[in-house]
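Descriptive analysis of the structure
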Amino acid sequence: MTCAIQAEIPDQLWQQAQTLVSQGWASNMDAVINESLRRYLESHQDVLAESFIKEDVEWGLNGNN
Amino acid sequence: MVTIKSALVVADAGPLIHLDKLSALDVLSDYTAIFVPNAVWLEVFHHRPQALQASTVKLIRQLAPTPTAKVDALSAVYTLHHGEREALELCLNHSVNTLLSDDSAARLAAKSLNIATHGTIGLLVRAARQHLRAPAEILTLLELIPQQTTLHIRPTLLNEVIEQVKFEWKSNPTITLT
């Protein structure tokens, strides 16, 4: 199942995305937007943020620099 | 022995803003210098200008570095902002292998470039190890994070962190908690 979206994005961002398509890095703009959103959500998951905090605490306690 | 190079770091806006809100920028005082890319400098200036006036840390404003294809590609993949992108470029340009950031996407991108990243909480805990602050003070600062900063952390996780730190320090005979 898919859904259509309408969004305003900066010209420059749009042009960069079009370049990716024209160079063959993505099959079309739908693919670029789909992949961008997926990666954004992946990289911002709470679990990821929490794992970084736990790593930080370990380094803070026992790191060597 | 700490080398000069290992004592150089690049900072993203988050830790500078959060630590200043906690009146704790001095936990960075043992770094030889902290490079602040121009975009980050402007972001901090917008949100927390007084952080840039701190006398206890050596913040060095850096002009926007020359973009590299590697960081450009990572920026697209991880949707990095200007400041994060410039911070990664600076790390590469100056062979600095530590980035101070609380942003997960920036930290992921840095990891793929073999750049170590540390955030506000790690820097606070480290300050006790480096004898920059008393352990009891650090525990108080950790407790103040939700009230005094905009650092996003689940309350139960913060409690777990505080309990873990307390436990480790209580088990360490060289550390006094009172």
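Described below are features of the structure shown in this document.

The rules behind each value
- The residue numbering used here restarts from 1 in each chain and proceeds along that chain's sequence as written.
- Following the order in which they are written, the chains are lettered starting with A and the ligands numbered starting with 1.
- At least 70 in pLDDT is required for a residue's local features to be given in this predicted model, at least 80 for side-chain atom pairs to be given and counted, and no such filter applies to totals for whole chains, interfaces and linings, which use all residues.
- Numbered from the N terminus, helices here are DSSP runs of H or I no shorter than four residues, and strands are runs of E no shorter than two.
- Note that the radius of gyration is over C-alpha atoms, with the globule rule given as 2.2 Å times the number of residues to the power 0.38.
- Counting other C-beta atoms within 10 Å of each residue's C-beta, where C-beta atoms are placed from the backbone, gives the exposure class: buried for 20 or more, exposed for 12 or fewer, partly exposed between.
- Residues are scored as being in contact if the C-beta atoms we place from backbone atoms lie within 7 Å.
- Note on pairing: DSSP must find at least two bridges between two strands before they are called paired.
- Axis definition: a line fit to C-alpha positions, over the contact stretch in the case of helices; interaxial angles, taken between N-to-C directions, run 0 to 180 degrees.
- For this classification, Asp, Glu, Lys and Arg are treated as charged, while Ala, Val, Leu, Ile, Met, Phe, Trp, Tyr, Cys and Pro are nonpolar and the rest, including Gly, are polar.
- Handedness of a crossover is defined as follows: with both strands directed away from the viewer, a clockwise route from the first strand across the helix to the second makes it right-handed.
- In these notes, a nonpolar core means any group of buried Ala, Val, Leu, Ile, Met, Phe, Trp, Tyr and Cys residues linked to one another through C-beta atoms within 7 Å.
- Any angle between 65 and 115 degrees counts as roughly perpendicular, while under 35 counts as roughly parallel, over 145 as roughly antiparallel, and the rest as oblique.
- Left-handed describes a crossing in which the near helix is turned anticlockwise from the far one by less than a right angle; the clockwise case is right-handed.

Observations regarding the overall build of chain A
Regarding its fold elements, chain A presents three helices and zero strands. Listed by position from the N terminus, the elements making up chain A come as α-α-α. Here the C-alpha atoms of chain A give a radius of gyration of 18 Å, more than 25% beyond the 11 Å that 2.2 N^0.38 yields for 65 residues. Taken over the C-alpha atoms alone, chain A extends approximately 50 × 30 × 20 Å along its principal axes.

As for the overall build of chain B
When you go through chain B residue by residue, the secondary structure sums to eight helices and five strands. Taken over C-alpha atoms, the radius of gyration comes to 16 Å for chain B, in line with the 16 Å a tight globule of 178 residues would show. Its C-alpha atoms give chain B principal-axis dimensions of roughly 50 × 35 × 30 Å. Of all 178 residues assigned to chain B, the portion counted as buried reaches 48%. At a minimum sequence separation of 6, the contacts of chain B that also span at least 24 residues come to 66%.

A word on the sheet that holds strand S1 (residues 8-11) of chain B
Residues and elements named next belong to chain B. The five strands are arranged S3-S2-S1-S4-S5 in an open sheet whose pairing can be described as parallel. Looking at strand neighbours, the two that pair on one side only are strand S3 (59-62) and strand S5 (116-118), the edges of this open sheet. Here the average twist between neighbouring strands, direction ignored, is 30°. Pairing between S1 and strand S2 (residues 33-37): three bridges, direction parallel. Across the sheet, the residue bridging to Leu8 is Ala33, located in S2.

Considerations on the interface of chain A and chain B
Facing 17 residues of chain A, the contacting portion of chain B comprises 22 residues. When contributions to the side of chain A that touches chain B are tallied by element, the ones reaching two or more residues are helix H2 (29-43) and helix H3 (46-62) of chain A. The leading source of residues in the side of chain A that touches chain B is H3 of chain A, at 10 residues. Residues of the side of chain A that touches chain B, tallied by class, amount to eight nonpolar, six polar and three charged.

Describing the pairing of S1 of chain B
Residue and element names in this part refer to chain B. For the crossover from S1 across helix H1 (residues 13-21) to S2, the handedness is right-handed. Bridge count for S1 against strand S4 (residues 98-100) is two bridges, and the pairing is parallel. Across the sheet, Ala11 pairs through a bridge with Leu100, a residue of S4.

A closer look at the nonpolar core
Residue and element names in this part refer to chain B. Counting residues in each nonpolar core, the largest one holds 58 residues, and the members touching the most others are Val10, Ile34, Ala109 and Leu124. With six residues, helix H6 (residues 120-129) is the largest single contributor of residues to this core. Residues in contact with Ile34, not counting those within four places in the same chain, are Val9, Ala11, Leu28, Val57, Lys58, Leu59 and Ile60.

Concerning the pairing of S3 of chain B
Residue and element names in this part refer to chain B. Of the pairings in the sheet, the one linking S2 to S3 comprises four bridges and is parallel in character. Looking across to S3, one finds that Ile34 is bridged to Leu59. Assessed by its sense of winding, the connection that carries the chain from S2 through helix H2 (residues 38-47) to S3 is right-handed.

A look at the packing of helix H7 (residues 135-148) of chain B against helix H8 (residues 155-170) of chain B
Residues and elements named next belong to chain B. Across the interface, H7 lies against H8 with an axial gap of 10 Å and an inter-helix angle of 175°. On the basis of the axis angle, H7 is roughly antiparallel to H8. When H7 is examined against H8, the residues Pro135, Leu139, Leu142, Glu143, Ile145 and Pro146 are found in contact with a partner set consisting of Pro155, Leu158, Val161, Ile162, Val165, Lys166 and Trp169. Taken together, the residues of the contact of H7 with H8 break down into 11 nonpolar, no polar and two charged.

Observations regarding unusual backbone geometry
Residue and element names in this part refer to chain B. With a phi close to 50°, Ser95 is a non-glycine residue in the positive phi region. With respect to the helices and strands, the residue Ser95 is situated in the loop between helix H4 (82-93) and S4. The phi angle at His131 is positive, at roughly 60°, despite the residue not being glycine.

Observations regarding the packing of H3 of chain A against H6 of chain B
The geometry of H3 of chain A relative to H6 of chain B is characterised by a closest axis approach of 7 Å and an angle of 10° between their N-to-C directions. The orientation of H3 of chain A relative to H6 of chain B falls into the category roughly parallel. Helix-helix and strand crossings are classified by hand; for H3 of chain A and H6 of chain B the assignment is right-handed. Between H3 of chain A, through Ile53, Asp56, Val57, Trp59, Gly60 and Leu61 of chain A, and H6 of chain B, the contact on the second element is made entirely by Ile121, Gly122, Leu124, Val125, Arg126 and Arg129 of chain B.

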